Each structure stands twice: as C-alpha cells, then as structure tokens.
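Residue-level listing of the chains:
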Amino acid sequence: MKRWLVMCMLVLLLVTSGLALFPGEKVYACSCVESDVQERLKTNTTVFTGEVVKKGRSQQSKHDGLLREYTFDVDTAWKGVNAKKMKILSSDGGSESCGIQFEKNQSYLIYAYQYEVDHKLHTNLCSRNVPIEQAGDDLKLLGAGKVVSKEDFGETNDGRSEYFQLVLYGGVILLAALTIVWVWRRKKRI
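Remember, predicted model here, so these are calculated numbers, not experimental data. (Residues numbered from 1 in each chain as written. Predicted model: local features only at pLDDT ≥ 70, side-chain atom pairs only at ≥ 80, totals over all residues. Heavy atoms only, no water.)

Asker: Can you walk me through the side chain of Asp92 in this structure?
Answerer: Looking at the secondary structure, you find Asp92 in the loop between strand S3 (85-91) and strand S4 (107-114). Setting aside residues up to four positions removed in sequence, Asp92 forms contacts with Ser58, Leu66, Leu67, Arg68, Tyr70 and Gln101. (Helix = DSSP H or I, 4+ residues; strand = E, 2+ residues; numbered from the N terminus. Contact = heavy atoms within 4.5 Å.)

Asker: What's the story with unusual backbone geometry in this structure? I'm lost.
Answerer: You will see that His119, though not glycine, has its phi angle at about 60 degrees, which is positive. Within the secondary structure, His119 sits in the loop between S4 and strand S5 (121-123). Judged by its relative accessible area of 57%, His119 is exposed. In this model, Arg128 sits at a positive phi of 70 degrees, which is unusual for a non-glycine residue. With respect to the element layout, Arg128 can be found in the loop between S5 and strand S6 (130-131). (Buried < 20%, exposed > 50% of the residue type's maximum accessible area, 1.4 Å probe, protein only.)

Asker: Help me understand the pairing of strand S2 (residues 65-79), please; the structure alone is not making it clear to me.
Answerer: The two faces of a sheet get side chains in turn, since along a regular strand they alternate between them. Where strand S1 (residues 46-61) and S2 come together, 12 bridges link them in antiparallel fashion. Across the sheet, residue Gly50 finds its bridge partner in S2, namely Val74. Between the end of S2 and the start of S3, which pair antiparallel, lie five residues, with Gly80 showing a positive phi angle near 75 degrees. Pairing analysis gives two bridges linking S2 to strand S7 (residues 146-147), with the strands arranged antiparallel. In the sheet register, Thr76 faces S7, and the bridge partner there is Val147. (Pairing = 2+ DSSP bridges.)

Asker: Even after reading the chapter, I still don't get the pattern of salt bridges, so can you show me in this structure?
Answerer: Once the charged atoms of two side chains with opposite charge are near each other, the side chains can pair. Evaluated as defined, the whole model comprises five salt bridges. Across the salt bridge formed by Asp138 and Arg40, the nearest N and O atoms sit 3.2 Å from each other. Taken together, the positions of Asp138 in helix H3 (residues 136-142) and Arg40 in helix H2 (residues 37-43) put the pair 98 residues apart, joining distant regions of the chain. With respect to class, Asp138 is no different from Arg40; both count as buried. Between Lys85 and Asp73 there is a salt bridge, with its nearest N and O atoms 3.7 Å apart. Highlighted residues: Lys85 in strand S3 and Asp73 in strand S2, separated in sequence by 12 residues. (Salt bridge = Lys/Arg side-chain N within 4 Å of Asp/Glu carboxyl O.)

Right, dumping it as structure tokens:
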C-alpha cells in the first residue's frame, strides 16, 4: 500500500512538473485602446457608411483565425473608398477575441484598416464600428462626407466598369471578324 502511494505521488509530480515546463499556447483577451472619432479617421485606411449586401462564409486564416468577408454597398465616404461596393474582412470570433459580426441588409458606420500581411481591408471590435442607428455622435463629429454613387467609379448597373465592357465587346467583334475571314478563305480554297 505504501509503495502504491509513493508511485501515485511520483506520477502526480511528473505530470505537474511537465505542465509547468511545457505550458500551453498563450491566449490573450481582446483589449481595445480608447480613441476619439478624429483619431480613428486619421489612423484607419477607410471610413464609410454602408449596408451589408453580402455576408461571406467564415474561413480559417493562416495568420488571424476565423475571418469572414462582408460586402458593403457604400452610401457616404470620408476616407479611402474606391468603389461603390467595398469588401471588408472581419474577425469572426467572439468579442473576447475582438471579433465582430455584421448583419445582412443592415447599415453600419465602418472604420477599416489595410492589413499589411494580405493588403486587404480588415476591421474588428476595436475599430468601433457601429450600426447606423447608434452612429449619430460619430457622424456629427465626422462632418459631411461624400455621398457615393456608381457613376463616381465608372460602374454600370451590374458593377462592371465601362472599360471592361469595352474590352469585352471589342474581343467579341474581333473574334467574329476572324471567324468570317477564316470561313471566307476556306471557301476560296474549295
């Protein structure tokens, strides 16, 4: 019995010393630094109001855990907007990991930054995005933004640029002309 007790104590000692020598991965909770609206306008790459028109699937990122891509139809821009439809990646975890989720067909005030790893626009809980109904104070401090329309970026109703459509139509015409020449030369040989 005494021998069994000594063996149990040794096993317990080995297990606890092993845990102390090889701790698990460190986990940090989300901690946000407070900033005012003007500071957020200055430090973020993109600031706009818009409605979520597409909510992508959650995908595992090599560097950032779960991410979800949201497509926003931009209404008003203050900074960094280069299209009527903007895609923003957001951490899809809970608030403890600075994650934030947006609801489709809802409008938000968005503060996003360009992430240096993938050069895409990202946002998180600390960016201080808010539903448009709660953005009154921020909107007053931001001042008048620029109302955004499809024409501002040369977009047509289907979202494609006029240049893209010109190239597409030119390619179709060129292909048709080459087909006519090929058929004409073939008939001439016969």
